[in-house]
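Each chain, letter by letter, is given below.
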Amino acid sequence: MSMRQFFLLSILWVSSGAVSANTPLVNVTINHQAYSFETAPRLAEVLKPLAEQDDWYWPATRLYRANSPFIEQQRQQTLDFIAQLIDTTDMPLRALLAQLHVDIKSWNLAERVPLTIDYDLARTVPAFNPRFEKGSYQLFIAKRPTDVHFWGAIPITVSLPHRSAAPASSYITELQQNQFKDTDRVFIMQPDGEVIEVGVQLWNKQHIEIMPGSMVFIPFATHWFTSELTELNRQLLALAVHRIY
């Protein structure tokens, strides 16, 4: 090897090393503003740029891992299952399922990271200040939401004003009634990602307050097509956890 070849190879090696060293290890988009970290940051470091800029409602903060292929696979499986049900049912259930099929195709999805996010806790309690793994993330922080959103076995998603200390059952009477929705229970999807099954009838009523910003899933009554609609409820809940809203 000539000295010139050796010199050129040395430049290429050093240059490639420099590029690798400067490539961000973690990318986080916070409320649509991009941040990059060359070493794996802890949660407090990620939150710091925006944490003290406003009065954020930390229980509604949501973290998602971007570019996760299995979420789109999960969406397609759910859409395929709904399409099969549409082919084997009659009106008006078919119309309700068709609208749900359209809605799910339009959902913005990413892999939800189950994590308690609170800047003060992250700064003071090591257990609430985990280190990010390599990859790209989307983080959404907001002020205290004012609404609660209802979806599922109802024709359209309905948003109602949040009521302090009110149980889930107090909202149900304002939703459009139909013969296909389960009237005994709902599933509260709290903004922090926790899913809670709650009874809403006199015999099983539970006084569990819905957090502002929650999504409440109205399941399909399974006595119509027991195994099929039980599976549909399961798939819808599993997919909706990853919905960005």
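Described in the following lines is the structure provided in the data block.

What counts and how
- Residues numbered from 1 in each chain as written.
- Predicted model: local features only at pLDDT ≥ 70, side-chain atom pairs only at ≥ 80, totals over all residues.
- Heavy atoms only, no water.
- Buried < 20%, exposed > 50% of the residue type's maximum accessible area, 1.4 Å probe, protein only.
- Phe/Tyr/Trp six-rings, centres within 6.5 Å; stacked < 30°, edge-to-face > 60°.
- Lys NZ or Arg CZ within 6 Å of the ring centre and 35° of its normal.
- Pairing = 2+ DSSP bridges.
- Helix = DSSP H or I, 4+ residues; strand = E, 2+ residues; numbered from the N terminus.
- Axes fitted to C-alpha atoms, helices over the stretch in contact; angles between N-to-C directions.
- Contact = heavy atoms within 4.5 Å.

**Side note on unusual backbone geometry**
So, step 1. Backbone geometry places Asn31, a non-glycine residue, at a positive phi of 50°.
So, step 2. According to the relative accessible area criterion, Asn31 is partly exposed, its value standing at 29%.
So, step 3. Phi at Asn67 takes a positive value of approximately 60°, unusual for a residue other than glycine.

**Section: the packing of aromatic side chains**
To describe a pair of aromatic rings, one takes the distance between the centres and the angle between the planes.
So, step 1. Going through the model one piece at a time under the given rule, you end up with six aromatic pairs.
So, step 2. Directly above the ring of Tyr245 sits Arg62, whose terminal nitrogen or CZ lies 4.7 Å from the centroid.
So, step 3. Just above the ring of Tyr64 sits the side chain of Arg112; from NZ or CZ to the centre is 5.6 Å.

**Some points on the sheet that holds strand β8 (residues 185–189)**
So, step 1. Ordered in space as β7-β6-β10-β8-β9, the five strands form an open sheet in which the pairing is mixed. The open sheet has two free edges, formed respectively by β7 (158–161) and β9 (195–199), since each of these has just one partner strand. Sheet twist, expressed as the average angle between the axes of neighbouring strands with direction ignored, equals 25°.
So, step 2. Pairing of β8 with strand β10 (residues 215–218) involves three bridges; the strand directions are antiparallel. Looking at the pairing, Ile188 lines up with Val216 of β10.

**Topic: the pairing of β9**
So, step 1. Pairing geometry for β8 and β9, over five bridges, is antiparallel. Bridge pairing in β9 links Arg185 to Gly199.
So, step 2. Between the antiparallel neighbours β8 and β9 lie five residues, among them Gly193 with a positive phi of about 100°.

**Examining the sheet that holds strand β4 (residues 111–112)**
Remark on secondary structure: sheet strands pair via backbone hydrogen bonds, oriented parallel or antiparallel.
So, step 1. Judged by pairing direction, the sheet is mixed, and its five strands sit side by side in the order β2-β1-β5-β3-β4 without closing on themselves. Every interior strand has two partners, whereas the edge strands, β2 (33–37) and β4, have only one.
So, step 2. Summarising the sheet, strand β1 (residues 26–30) and strand β5 (residues 135–140) pair through five bridges and their orientation is parallel. The residue of β5 that forms the bridge with Val28 is Tyr137.
So, step 3. Packed on one face of the sheet, helix α2 (residues 43–51) meets β1, β2 and β5 and runs near 145° to β2.

Shape descriptors only; they carry no functional weight alone.
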